[in-house]
Amino acid sequence: ESGSRNLTVPVAKRLAKVLDEYVASKDYLDPEHDRNWLIAQSGTDLRFFRWYFQNIMLTDFRVWRANLRIEEAKRLIETTPGVSMNVLATKLGFGTSQNFYHHFKKVVGMTPTEYQEKTR
């Protein structure tokens, strides 16, 4: 029992390092750099990856990545007056602008356009 737990420590540390680099390099904006890409980068498997997000990150990977994208969206809206929301959705790696609007409103409590008006 304790032997298998000790094996997860280096894997968890490696995954944490890969996730830190993922955030620092803004790889979360690249739709190709999804969960499977991170699993490959960290040398873990899907089961451990899910366990790590549930127990260490206390969230789901997709929610975590969407939140990172929304924080970047807020930054871009604040620093790029008049930026198109469709361009932003694509740039942030959201498949559709509807998906972007949905996540943004869920996280921020207003649509990206309302947020843009508020920050003018």
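Up top is the structure these notes are about.
Cut-offs applied
Residues numbered from 1 in each chain as written. Predicted model: local features only at pLDDT ≥ 70, side-chain atom pairs only at ≥ 80, totals over all residues. Heavy atoms only, no water. Helix = DSSP H or I, 4+ residues; strand = E, 2+ residues; numbered from the N terminus. Buried < 20%, exposed > 50% of the residue type's maximum accessible area, 1.4 Å probe, protein only. Contact = heavy atoms within 4.5 Å. Areas by Shrake-Rupley, 256 points an atom, 1.4 Å probe, with all protein chains shown as cover. Lys, Arg positive; Asp, Glu negative; His and termini not counted. Charge placed at Lys NZ, Arg CZ, Asp CG, Glu CD. Axes fitted to C-alpha atoms, helices over the stretch in contact; angles between N-to-C directions. Parallel < 35°, antiparallel > 145°, perpendicular 65-115°, else oblique. Nonpolar A, V, L, I, M, F, W, Y, C, P; charged D, E, K, R; others polar.

(A) A look at the overall build of the chain. Within the chain, the regular secondary structure consists of 7 helices and 0 strands. For the chain, the α and β elements follow one another from N to C terminus as α-α-α-α-α-α-α. Reported as C-alpha extents along the three principal axes, the dimensions of the chain are approximately 55 × 25 × 20 Å. Counting only residues that meet the buried cut, the chain has 36% of its 120 residues in that class. Within the chain, counting contacts between residues at least 6 apart in sequence, those at least 24 apart form 56% of the total. For the chain, the exposed surface amounts to about 7,500 Å²; the carbon and sulfur share of it is 52%. Taken together, the 18 basic and 14 acidic charged side chains of the chain have centroids lying 3 Å from each other.

(B) Highlighting the packing of helix H4 (residues 61-79) against helix H6 (residues 97-108). Across the interface, H4 lies against H6 with an axial gap of 10 Å and an inter-helix angle of 90 degrees. Between H4 and H6, the crossing angle belongs to the class labelled roughly perpendicular. Contacts between H4 and H6 involve Ala 66, Asn 67, Ile 70, Ala 73, Lys 74 and Ile 77 from the former and Phe 100, His 103, Phe 104, Val 107 and Val 108 from the latter. When its residues are assigned to classes, the contact of H4 with H6 shows 8 nonpolar, 2 polar and 1 charged.

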